[in-house]
Amino acid sequence: MSAAAETNAIHTGGCRCGAVRFEAKADPVHVSYCHCGDCRRASGAPVSAFVGFRADDVTFRETQSASRFGVSPITRTFCGICGSPLTYTDARLEGQVYLVLGAMDEPQNYPPSVHGYVSEQLPFFHIDDGLPRRETTTVPRPEGAR
Ligand SMILES: [Zn+2]
Ligand SMILES: [Zn+2]
């Protein structure tokens, strides 16, 4: 990679084994929690959090090891070596890529601004942060689906 690209990277992250790294040259456009069952299955965690960027601002390195799984229009990517979840993309959200918050090098810098899919939130999971809570998605799709 070029020195210029390194200089422009203001947000970085990667999987837990280091085989996949990514960087973004501009600030995220959306940071949110998702309580939906689909994210829960994919992550194994009771709630997920995503840092959304413009896809053009994000560069991946060593992506040959990133396996991609998905059922259209949703694609989730994982490191092919360590299995860490990396990204969520929705074909209906063209030009956007959502990085899992836990993959960011400095996750403390990305406080979510909203909760999504609280209709599917686990009954024992409580987080009293005063943020807006949406019954379904926090990013409207053309079809209104997940
Ligand atoms: Zn890995
Ligand atoms: Zn979700």
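Keep in mind the model is a prediction, meaning the values are calculated, not measured.

Undergrad: How would you sum up the side chain of H30? Please name residues and give values.
TA: Mapped onto the elements of the fold, H30 is located in strand β3 (residues 30–34). Here the side chain of H30 touches S32 through a polar contact of 3.4 Å, side chain to side chain. Residues in contact with H30, not counting those within four places in the same chain, are F50, V51, G52, Y98, V114, T138 and V139.

Undergrad: Kindly report on the coordination of the zinc ion (ligand 1), identifying the contributing residues and their values.
TA: Around the zinc ion (ligand 1), the protein contributes the donor atoms C15 (SG), C17 (SG), C79 (SG) and C82 (SG), which lie 2.3 to 2.4 Å from the metal centre. The coordination sphere of the zinc ion (ligand 1) comprises four donor atoms, whose angles at the metal cover 106 to 113 degrees; the geometry is tetrahedral. Take C79: its relative accessible area is 3%, and that puts it in the buried class.

Undergrad: Mind laying out the sheet that holds strand β9 (residues 96–100), listing which residues take part and the relevant values?
TA: With mixed pairing, the seven strands of this open sheet are ordered in space as β6-β7-β8-β9-β4-β3-β10. Bordering the open sheet on either side are β6 (66–71) and β10 (115–116), each of which pairs with just one other strand. Two elements, β3 and strand β4 (residues 48–54), share five bridges in a ladder whose sense is antiparallel. Each residue of the ladder has a partner; that of S32, found in β4, is F50.

Undergrad: Explain the coordination of the zinc ion (ligand 2) to me, and be specific about the residues and the numbers.
TA: Coordination of the zinc ion (ligand 2) by the protein comes from C34 (SG), C36 (SG) and C39 (SG), over a distance range of 2.2 to 2.3 Å. Each donor residue of the zinc ion (ligand 2) lies on one chain, and together they are spaced C-x1-C-x2-C. For the pair shown, C34 and C36 are each scored as buried.

Undergrad: Residues and numbers for the sheet that holds strand β2 (residues 21–24), please.
TA: Spatial ordering of the open sheet is given by β1-β2-β5, a layout of three strands whose pairing is antiparallel. Looking along the sheet, the strands with just one partner apiece sit at the ends: β1 (11–14) and β5 (58–61). Between one strand axis and the next, the sheet turns by 20 degrees as a mean value, whatever way the strands run. Relative to β5, β2 runs antiparallel, the two being bridged by four bridges. Along β5, the bridge assignment pairs A24 with V58.

Undergrad: Explain the pairing of β1 to me, and be specific about the residues and the numbers.
TA: Walk down a regular strand and you will see the side chains alternate between the two sheet faces. Of the strand pairs in this sheet, β1 and β2 are connected by four bridges, and their pairing is antiparallel. Each residue of the ladder has a partner; that of G14, found in β2, is R21. Joining the antiparallel neighbours β1 and β2 is a turn of six residues, in which G18 adopts a positive phi near 90 degrees.

Undergrad: Kindly report on the nonpolar core, identifying the contributing residues and their values.
TA: One finds F22, F50, V51, F53, L86 and M104 to be the most contacted residues of the largest nonpolar core, which totals 32 residues. Those elements that provide at least two residues to this core are β2, β3, β4, β7 (74–79), β8 (85–90) and β9. What F50 contacts, discounting residues up to four positions off in sequence, is H30, V31, S32, C34, C39, R76, Y88, Y98, L99, V100 and L101.

Criteria and cut-off values
Residues numbered from 1 in each chain as written. Chains lettered and ligands numbered in written order. Predicted model: local features only at pLDDT ≥ 70, side-chain atom pairs only at ≥ 80, totals over all residues. Heavy atoms only, no water. Helix = DSSP H or I, 4+ residues; strand = E, 2+ residues; numbered from the N terminus. Polar contact = N/O pair within 3.5 Å; in protein donor to acceptor, adjacent residues only side chain to side chain. Contact = heavy atoms within 4.5 Å. Donors = N, O, S within 2.8 Å, 3.2 Å for Na, K, Ca; no water. Tetrahedral: all angles 85-135°; square planar, octahedral: opposite > 155°, others 65-115°. Buried < 20%, exposed > 50% of the residue type's maximum accessible area, 1.4 Å probe, protein only. Pairing = 2+ DSSP bridges. Axes fitted to C-alpha atoms, helices over the stretch in contact; angles between N-to-C directions. Core = buried A, V, L, I, M, F, W, Y, C linked by side-chain atoms within 4.5 Å.

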